[in-house]
Every structure is written in C-alpha cells, then in structure tokens.
Amino acid sequence: MPISALDVSRPLRSGGPNPDHVRTLAALDASLLPPILVHHPTMRVLDGAHRVQAELLRGGTHIRVEFFEGTEEECFVLAVRSNVGHGLPLPLADRKAAAARILRAYPQWSDRSIGEVSGLSPKTVGAIRRRSAEENPRLNGGGGWAGTAVRTPPASPKGGSTPAS
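These numbers come from a predicted model, not from an experiment. (Residues numbered from 1 in each chain as written. Predicted model: local features only at pLDDT ≥ 70, side-chain atom pairs only at ≥ 80, totals over all residues. Heavy atoms only, no water.)

**Things to note about the overall build of the protein**
Move 1: Looking only at helices and strands, the protein has 6 helices and 4 strands in total.
Move 2: For the protein, buried positions account for 43% of its 165 residues.
Move 3: Residue pairs in contact within the protein that sit at least 24 positions apart in sequence constitute 74% of those at least 6 positions apart.
Move 4: For the protein, the exposed area adds up to about 8,700 Å²; of that, 56% sits on carbon and sulfur atoms. (Helix = DSSP H or I, 4+ residues; strand = E, 2+ residues; numbered from the N terminus. Buried < 20%, exposed > 50% of the residue type's maximum accessible area, 1.4 Å probe, protein only. Contact = heavy atoms within 4.5 Å. Areas by Shrake-Rupley, 256 points an atom, 1.4 Å probe, with all protein chains shown as cover.)

Rendered as structure tokens:
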C-alpha cells in the first residue's frame, strides 16, 4: 500500500510518534514487522504509526496493511486495544483519555471491560466514570466491576478485517 494513501493525521498518542522508537523500528528488517492496521473506508492508520514513520525513515514508499471495516467507535476501541497490547505502550494520560472517550461511546460497558481495552484497572475507570458522570449523568450507566454481558468490538481484527494485497 502506498504510504501516501494513508491518513496519519489523527494519532492516538497525544505526544505523536516517539523518535527513538521510530529509529529502533527503522533498524529492523521491515519484513519482520506485522502489517499496520488501517480503517478501510477512511484509510486512517489505527495501529502502526511508528512503523509508518520507520518505513519513511528507511526511504520506503509502501507498507503492508491489514484493513478493518467498522464504525468510528469500533475503530477507536480497536486502536486503543492494539496500542495497549504490544509495541510501545500508550502513556498513562493517553490511556485515561481513551477510557473517557470509550465511556462516552459505550456507557453501558462495565469498568472492567473498559479497563481491559485501555490497560487501566477497573478502579481507575470507575473514578473516570464518576468524574464524567458529574458532567453527563448518562455515563453513570454500566459501572461496576462485574464483567456483564456487553457487546464489544473484536479483540483482534479477525473477522472484521481483510489483508491488503
């Protein structure tokens, strides 16, 4: 996929890419890195911004991608889950901001479910929920620590994604 076709304008990290991590990735064999994850309808990079920057640093113009089809909210949840689970972890402030955004999109989700996606404890998510509920009582919905049955986007892109050729 041509890198020029990708949208990297909305990074998940508030501080943008980490230059040291980009240089570390650029020193690796690109074929050993997994494909980046891209929201197909918008071409927005959900996971792999550092890999894109590393490929550019190497002088590359193309990168392997895997497409994801889903709503904007599902894309955000998948991006957070992906960036918490591997590579350079999201900073705490970004994980808290992500939890607050997920809470606004899915107020019925339990604190545990949001914590699993954002890499935070249910207690921390509960505190975010309480602060957010002061501004918007609708967000006081799910709460609790029990993993109640709620619909969550896929943990991995399987089923909702297609590899690019």
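Moving on from the coordinates now.
**Considerations on the pairing of strand S1 (residues 36-39)**
Move 1: A two-sided burial pattern is seen for S1, the buried positions comprising Ile36 and Val38 on one face and Leu37 and His39 on the other.
Move 2: Summarising the sheet, S1 and strand S3 (residues 65-68) pair through 4 bridges and their orientation is parallel. Across the sheet, the residue bridging to His39 is Phe68, located in S3.
Move 3: Sheet topology places S1 next to strand S2 (residues 44-47); 3 bridges connect them, and they run antiparallel. Its bridge partner lying in S2, Val38 is registered against Val45.
Move 4: Between the antiparallel neighbours S1 and S2 lie 4 residues, among them Met43 with a positive phi of about 65°. (Pairing = 2+ DSSP bridges.)

**Thoughts on the packing of aromatic side chains**
Each aromatic ring pair is described using two quantities: the centre-to-centre distance and the angle formed by the ring planes.
Move 1: Counting across every chain of the model gives 1 aromatic pair.
Move 2: A ring pair is formed by Tyr106 and Trp109, whose centres lie 4.3 Å apart and whose planes are at 15°; its orientation type is stacked. Trp109 matches Tyr106 in its accessibility class, with the two residues each being buried.
Move 3: The ring of Phe76 is capped by Arg101, whose NZ or CZ atom sits 3.8 Å from the centre of that ring. (Phe/Tyr/Trp six-rings, centres within 6.5 Å; stacked < 30°, edge-to-face > 60°. Lys NZ or Arg CZ within 6 Å of the ring centre and 35° of its normal.)

**Let's talk about the pattern of salt bridges**
Any two side chains of opposite charge can pair, so long as their charged atoms come close to each other.
Move 1: Under the defined criterion, the tally for this structure stands at 7 salt bridges.
Move 2: Between Arg10 and Glu72 there is a salt bridge; the shortest N-O distance is 3.6 Å. Taken together, the positions of Arg10 in the segment before helix H1 (19-26) and Glu72 in helix H3 (residues 72-85) put the pair 62 residues apart, joining distant regions of the chain.
Move 3: The partly exposed category is assigned to Arg10, whose relative accessible area is 43%.
Move 4: Given a relative accessible area of 29%, Glu72 falls into the partly exposed group.
Move 5: Through salt bridges that share partners, Asp7, Arg10, Arg44 and Glu72 make up one connected network. (Salt bridge = Lys/Arg side-chain N within 4 Å of Asp/Glu carboxyl O.)

**Considerations on unusual backbone geometry**
Move 1: Notably, Met43 is not glycine yet its phi reads approximately 65°, a positive angle.
Move 2: The topology assignment puts Met43 in the loop between S1 and S2.
Move 3: On the basis of relative accessible area, Met43 is assigned to the buried category, the value being 16%.

**Some thoughts on the environment of Thr24**
Move 1: Position of Thr24 relative to the elements: it lies in helix H1.
Move 2: Sequence separation of Thr24 and Ala54 is 30 residues, and the distance between their C-alpha atoms is 8.1 Å.

**With respect to the confidence of the model for the protein**
Move 1: For the protein, mean pLDDT is 85; residues scoring 70 or higher make up 81% of the total.
Move 2: Here residues 144-159 is modelled with pLDDT under 50, and outside its nearest four sequence neighbours on either side it reaches 28 contacts, counting other chains as well. (pLDDT = per-residue confidence, 0-100.)

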